[in-house]
Amino acid sequence: RTSAILSGAMSATAARIGPQLTNSLALDRRPSRRGKTSATIRAVMTPPDKLGAKPTGHNAPNPGVAERAILRTGSRMPLLGLGTWKIPKEQTPALVETAIRKGWRHLDCACDYGNEREVGVGIRAALTEDPTISRDDLWVTSKLWNTYHRQEHVRDACLRTLDDLGLEYLDLYLVHFPISLKFVPFETRYPPEWVHDPDASDPADRVMVHDPVPIAETWRAMEQLVDEGLVKNIGVCNFNVSLLTDLLAAARVKPAVLQIESHPYLSQKHLVDYARSKQVHVTAFSPLGSAGYVEMGWTKPTEGAINEACVKAAAAAHGATPGQVLLRWALQRGTSAIPKTTKAGRLDENIDVFGWTLGADEMSAIDALNRNERYNDPAEFCVGMGGPVPIYD
């Protein structure tokens, strides 16, 4: 059945970091390897009263995905990426192919999402359809799952991801959670998810089984992937300041990216500022807030910053949608963002967040929405799996 789906898909084919300084985005245009001009985002520390940036209008020329963050390694990561979490397998190939055709160049993937093979089908279809796009034009991120933290499993997990995606290297490989679970062989179950034995006859045995692996051990294996050329950059997800500080002190290859949940209700300003001070770029997942969690029953459709009056007012002022305002806020505060959608029409909407800016008052109003409300928290969702796992406490 899976092969039939894949075959069918192939054929169908600048915000505040303190009261005195604002992180604005400056374009650095340079020729790419293929002779085209691309734009790169550099973080520039500019006093707020010197910004002089009046909104240029929602309909201004859109440099789009050419805008990139320069990482500590010199790699240039597109600021806007397509999140692939919870995209059904049968929809993934066509959606990824469409996204690439529409200009998206950053794909955020993970073993745990269960659709990396389908992402790979979409990538190959897009590159076949348009030979002017090469693999080097794309930025592909994936993540090491919790059951593969032991040093002897890290490389095999990366190779499995590369095989599923049909790629020779990853642009970025992240440790998905600071949670290490007992190893599950590929042939037993892939992706292994959270519960060690979901088929156990006794429901009491359908739980997580922890395996206390030091982060330093996992990181040494991640560094070896860089040495071998399998990945170009490494980083972490869902780390707090203490874990990041410890990792930075021990790492030979420093983390280039920290990926965290971040939206106006959970701005994580102190963590974002700390990471920036250590040359660790921050990517915001769930940048649209609660929208992705309604179907899981973790929140209600009427909740979320997208419904706030100041967000709607900014949207009206710029001829944008509230979702575009939330993405623009994320970019102007110096983070990249990886919104997820299953709708092809939303690909156009979500990418149209360049060429215009939110004003200082609009940024301040959205900043003030923070209430430290986290939607994706293993302290909550792991309770029924033998948890909780309060990694943020």
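Residues numbered from 1 in each chain as written. Predicted model: local features only at pLDDT ≥ 70, side-chain atom pairs only at ≥ 80, totals over all residues. Heavy atoms only, no water.

> Please clarify how the nonpolar core should be interpreted in this entry.
Counting residues in hydrophobic clusters, the biggest one holds 91 residues, and the most contacted among them are Tyr-173, Trp-194, Met-222 and Leu-258. The element contributing the most residues to this core is helix 9 (residues 322–332), with 6 residues. The contacts of Leu-258, once residues within four sequence positions are left out, are Val-236, Asn-238, Phe-239, Leu-244, Leu-271, Ala-275, Val-280, His-281, Val-282 and Thr-283. Core analysis: the second largest hydrophobic core is formed by 8 residues, Leu-71, Trp-139, Leu-172 and Val-257 among them. (Core = buried A, V, L, I, M, F, W, Y, C linked by side-chain atoms within 4.5 Å. Buried < 20%, exposed > 50% of the residue type's maximum accessible area, 1.4 Å probe, protein only. Helix = DSSP H or I, 4+ residues; strand = E, 2+ residues; numbered from the N terminus. Contact = heavy atoms within 4.5 Å.)

> Is there a simple way to think about the packing of helix 8 (residues 309–318) against helix 11 (residues 360–367) in this case?
Contact geometry of helix 8 with helix 11 gives a least axis separation of 9 Å together with a crossing angle of 155°. Taken together, helix 8 and helix 11 sit at an angle that is classed as roughly antiparallel. Our pair here, helix 8 against helix 11, has a crossing hand that is left-handed. Of helix 11, the residues touching helix 8 (which contributes Cys-310, Val-311, Ala-314, Ala-317 and His-318) are Glu-362, Ala-365 and Ile-366. (Axes fitted to C-alpha atoms, helices over the stretch in contact; angles between N-to-C directions. Parallel < 35°, antiparallel > 145°, perpendicular 65-115°, else oblique. Left-handed = near helix turned anticlockwise from the far one by under 90°.)

> Teacher, can you tell me more about the sheet that holds strand 8 (residues 139–144) here?
Note: strands within a sheet are paired through backbone hydrogen bonds, in either parallel or antiparallel orientation. Spatially, 6-7-8-9-10-11-12-13 is the arrangement adopted by the 8 strands of the open sheet, whose pairing is parallel. On the outer flanks of this sheet lie strand 6 (82–83) and strand 13 (336–337), each paired with one strand and no other. On the sheet, helix 4 (residues 151–165) packs against strand 8 and strand 9 (172–175) and is oriented at approximately 140° with respect to strand 8. (Pairing = 2+ DSSP bridges.)

> Help me out: how do you make sense of a negative patch on the surface in this one?
Side chains of Asp-197, Asp-199, Asp-202 and Asp-205 sit close together on the surface and give a patch of like negative charge. With respect to the helices and strands, the residue Asp-199 is situated in the loop between strand 9 and helix 5 (215–228). When its relative accessible area of 70% is taken as the criterion, Asp-199 is described as exposed. (Patch = residues over 30% accessible without salt bridge, like charges linked within 9 Å, V, L, I, M, F, W, Y side chains within 5 Å. Areas by Shrake-Rupley, 256 points an atom, 1.4 Å probe, with all protein chains shown as cover. Salt bridge = Lys/Arg side-chain N within 4 Å of Asp/Glu carboxyl O. Lys, Arg positive; Asp, Glu negative; His and termini not counted. Charge placed at Lys NZ, Arg CZ, Asp CG, Glu CD.)

> I keep staring at the pairing of strand 9 and nothing clicks. Help me out?
Where a strand is regular, its side chains alternate between the two sheet faces. Of the two faces of strand 9, the one lined by Leu-172 and Leu-174 and the one lined by Tyr-173 and Val-175 are each fully buried. As paired strands, strand 8 and strand 9 are joined by 4 bridges and run parallel to one another. Across the sheet, the residue bridging to Leu-144 is Val-175, located in strand 9. Between the parallel elements strand 8 and strand 9, the chain passes through helix 4 in a crossover that is right-handed. Sheet topology note: the strand 9/strand 10 (residues 234–237) ladder contains 3 bridges and is parallel. The residue of strand 10 that forms the bridge with Leu-174 is Gly-235. In this region the chain leaves strand 9, passes through helix 5 and returns to the parallel neighbour strand 10; the handedness of that crossover is right-handed. (Right-handed = clockwise from strand over helix to strand, strands pointing away.)

> Explanation requested: unusual backbone geometry in the structure shown.
Excluding glycine, most residues fall at negative phi; most peptide bonds, likewise, are trans. In the segment running from Tyr-190 into Pro-191, the intervening peptide bond is cis, with an omega of -5°. Its place among the elements puts Pro-191 in the loop between strand 9 and helix 5. The step from Gly-387 to Pro-388 runs through a cis peptide bond, and the omega angle for that step is 10°. Here Ser-286, not a glycine, exhibits a phi torsion of approximately 55°, which is positive. Within the secondary structure layout, Ser-286 lies in the loop between strand 12 (281–285) and helix 8. In this structure, Asn-372 is a non-glycine residue whose phi angle is positive, near 55°. Structurally, Asn-372 can be placed in the loop between helix 11 and helix 12 (378–381).

> Is there a simple way to think about the packing of helix 3 (residues 116–129) against helix 4 in this case?
Describing two packed helices takes the angle between their axes plus the distance from one axis to the other. Where helix 3 meets helix 4, the axes come as close as 7 Å, and the angle between the chain directions of the two elements is 45°. In this view, helix 3 runs oblique relative to helix 4, as classed from their interaxial angle. Counted together, Glu-116, Arg-117, Val-119, Gly-120 and Arg-124 of helix 3 and Arg-160, Thr-161, Asp-163, Asp-164 and Leu-165 of helix 4 form the full contact between these two elements. Along the lines of polarity and charge, the residues of the contact of helix 3 with helix 4 split into 2 nonpolar, 2 polar and 6 charged. (Nonpolar A, V, L, I, M, F, W, Y, C, P; charged D, E, K, R; others polar.)

> Looking at this structure, how should I read helix 9?
With 10 of its 11 residues buried, helix 9 lies for the most part within the structure. Along helix 9, the residues classified as buried are Gly-323, Gln-324, Val-325, Leu-326, Leu-327, Arg-328, Trp-329, Ala-330, Leu-331 and Gln-332. Two residues or fewer after helix 9 comes Gly-334, characterised by a positive phi angle close to 95°.

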